[in-house]
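# Working through the structure, step by step
Spelled out from the first residue to the last, the chains are:
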Amino acid sequence: MLGKAQGLPADQIFCDLEDSVAPLAKEPARGNVVAALNEGNWTGKTRVVRVNDLTTKWTYRDVITVVEGAGENLDCVMLPKVQTGAQVQWLDLLLTQIEEVMGLEVGRIGIEAQIENALGLSNVKEIAFASPRIETIIFGPADFMASVNMPSLVVGALSPHYPGDQFHYVLFKILEAARARGVQAIDGPYLHIRDVDGFGEVARKSAALGYDGKWVLHPGQIEAANEIYAPRQEDYDHAELILDAYAWHTSAEGGLRGAVMLGDEMIDEASRKMAEVIAGKGRAAGLRRAAKFEPPTS
Ligand code: GLV
Ligand code: MG
C-alpha cells in the first residue's frame, strides 16, 4: 500500500500511528513507519508522520522512535487533537532534544497541528503561534463532530435541519489563524471514499474559502482534490494578465499609474494582491499560461 502511494500525484504523504492503528498494533507500527520513511522513494512529496495525541501514553515514544529512526527522511510531525499552545511547545522541545542528540539540523522538522475538538478550536490562534515549527493547521472534521456532539455520521455533509453550513465557523476560524500566522490551512478527510461527488461537494466549500488542500484517503479522491484546489485555467490566465498589466501600468514606461482599466475592469494594488493568490495557486499546481499581456500601443 505504501509502495503504491509513492507513485500517486499527491503533494504529501502521512504515515499514521494514531486513529487508523489499533491499540495493540501501535508499538510495532512505529518500526513499520521508520522503515517506510527510510526505504521508500518519496521524492517530491512532503513526508509526515501522525503520532498519537497527548492524552495517550504513546506520544513521546512515537516521536522518539520515529525521529531517532528516520529523522533525516521526515519533514513534519503531525500532532492530532491539539488542545493548547503548550502541547505544541512540548513537541517542539522534544524535537529539538532529539535533533541535537542525533546530529540533525535543529528546527528543520516542522509541526502540523490538527484541530479536532472544541478546546483546540478555542485555542487555535495560540496553537498557530506556539512554535516556529508550525507549518500547517489541519481541520479534523470527524473527531471535531464527535467533540461538539454534532448528530451526524457523514463527515462534512450539510444538515437539512440547519439553515446554513454548520462547518463555516470552524473552517473560517482555522483559516483565519493559519493566515494570521502565515501557514497552510488544510481540510481533513471525507470518509465515504467511493463517493467522489460527495468529496467534491465538501472540498469545494473549503477551497472557496481559500484552503490550500484536503486530505485524501483513497487514490480515487486525488484527481478531484487536485482539480478543486487549483484555480480554473481561465482564472489563472486572468490573474497572470492582471499581474502583468499592473506591473506595466505602474512602471515609468506605463505612465506610473496605480489604477487602470484592464478591459472592463479597474485594477489597482488590491487587485494585484488577489491576482497574486490565484496565480500562486496556479503555478503551484503546474498550470501554464494560455494568454499573454500586450502593452497598449498608443
Ligand atoms: C481526522 O483525523 C478527523 O478526525 O477528521
Ligand atoms: Mg481525527
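On a predicted model such as this, the values are computed, not experimentally measured, just so you know. (Residues numbered from 1 in each chain as written. Chains lettered and ligands numbered in written order. Predicted model: local features only at pLDDT ≥ 70, side-chain atom pairs only at ≥ 80, totals over all residues. Heavy atoms only, no water.)

## With respect to the pattern of salt bridges
Applying the stated criterion across every chain, the model contains 23 salt bridges. Taking the shortest distance from any N to any O, the salt bridge between Lys-214 and Asp-187 comes out at 3.3 Å. With Lys-214 in strand E7 (residues 213–214) and Asp-187 in strand E6 (residues 184–187), this residue pair connects regions lying 27 residues apart in the sequence. The burial state of Lys-214 is the same as that of Asp-187; both residues are buried. (Salt bridge = Lys/Arg side-chain N within 4 Å of Asp/Glu carboxyl O. Helix = DSSP H or I, 4+ residues; strand = E, 2+ residues; numbered from the N terminus. Buried < 20%, exposed > 50% of the residue type's maximum accessible area, 1.4 Å probe, protein only.)

## Looking at the site of ligand 1
In the neighbourhood of ligand 1, the contacting residues comprise Arg-50, Gln-114, Glu-116, Gly-140, Pro-141, Ala-142, Asp-143, Pro-189 and Trp-215. Here an oxygen atom of ligand 1 and a backbone polar atom of Pro-141 are 3.1 Å apart. Measuring from an oxygen atom of ligand 1, one finds a backbone N or O atom of Ala-142 at 2.8 Å. In isolation ligand 1 exposes 190 Å². Once the protein is present, 94% of that is buried. The greatest single-element share of the shell around ligand 1, amounting to three residues, is contributed by helix H7 (residues 141–147). (Near = heavy atom within 4 Å. Polar contact = N/O pair within 3.5 Å; in protein donor to acceptor, adjacent residues only side chain to side chain. Areas by Shrake-Rupley, 256 points an atom, 1.4 Å probe, with all protein chains shown as cover.)

## Some remarks on the UniProt feature "binding site: substrate" (unreviewed entry) in the protein chain
According to UniProt, the feature "binding site: substrate" (unreviewed entry) maps to Arg-50 and Glu-116 in the numbering used here. For this annotated set, covering 67 residues, all C-alpha atoms fall within 13.7 Å of each other, a compact arrangement in space. Among the secondary structure elements, Arg-50 is positioned in strand E2 (residues 46–50). Of note is the side chain of Arg-50, whose polar atom sits 2.7 Å from the side chain of Asp-16. Residue classification places Glu-116 among the buried positions, given a relative accessible area of 3%. Dropping the residues within four chain positions of it, Glu-116 is found in contact with Pro-80, Lys-81, Gly-140, Asp-143, Phe-144 and Ser-147. Only 2.9 Å separates the side chain of Glu-116 from the backbone nitrogen of Lys-81, close enough to count as a polar contact. (UniProt positions renumbered as here; feature names shortened; annotations may be inferred. Contact = heavy atoms within 4.5 Å.)

## Observations regarding the coordination of the magnesium ion (ligand 2)
Coordination sphere of the magnesium ion (ligand 2), protein contribution only: Glu-116 (OE) and Asp-143 (OD), at 2.0 to 2.1 Å. In this pair, Glu-116 is assigned in the loop between strand E4 (110–115) and helix H5 (118–122) and Asp-143 in helix H7, connecting sequence segments 27 residues apart. Residue class for Asp-143 comes out partly exposed when judged on its relative accessible area of 23%. (Donors = N, O, S within 2.8 Å, 3.2 Å for Na, K, Ca; no water.)

## As for the environment of Cys-76
By the secondary structure assignment, Cys-76 is in strand E3 (residues 76–79). Taking the relative accessible area as the measure of exposure, Cys-76 reaches 0% and is therefore buried. The spatial distance from the C-alpha of Cys-76 to the C-alpha of Thr-46 is 7.8 Å, given a sequence separation of 30 residues. Those residues in contact with Cys-76, other than ones at most four positions away along the chain, are Arg-47, Val-48, Val-49, Ile-109, Gly-110, Ile-111, Glu-112 and Glu-135.

## Observations regarding the nonpolar core
With 59 residues, the main nonpolar core has Val-49, Val-67, Ile-137 and Ile-174 as its most contacted residues. Those residues in contact with Val-67, other than ones at most four positions away along the chain, are Leu-74, Val-77, Leu-95, Ile-98, Leu-104 and Ile-109. Ile-242, Leu-243, Tyr-246 and Trp-248 belong to the second-largest nonpolar core, a separate cluster that totals 12 residues. (Core = buried A, V, L, I, M, F, W, Y, C linked by side-chain atoms within 4.5 Å.)

## A closer look at the packing of aromatic side chains
Aromatic rings in a pair are described by how distant their centres are and how their planes are angled relative to each other. This model, assessed by the stated rule, comprises five aromatic pairs. Measuring from ring centre to ring centre gives 6.4 Å for Tyr-190 and Phe-199, while their planes differ by 80°; the resulting arrangement is edge-to-face. Each of the two residues, Tyr-190 as well as Phe-199, counts as buried. With 6.5 Å between their ring centres and 55° between their planes, Trp-248 and Phe-293 make a pair best called tilted. Of this pair, Trp-248 sits in helix H11 (residues 233–250) while Phe-293 sits in the segment after helix H12 (269–284), and the two are 45 residues apart along the sequence. The exposure classification of Trp-248 matches that of Phe-293, with both residues buried. A connected cluster of aromatic rings, assembled from ring pairs, spans Phe-139, Phe-144 and Phe-167. The ring of Trp-58 carries the charged tip of Lys-26 above its face, separated from the ring centre by 5.2 Å. (Phe/Tyr/Trp six-rings, centres within 6.5 Å; stacked < 30°, edge-to-face > 60°. Lys NZ or Arg CZ within 6 Å of the ring centre and 35° of its normal.)

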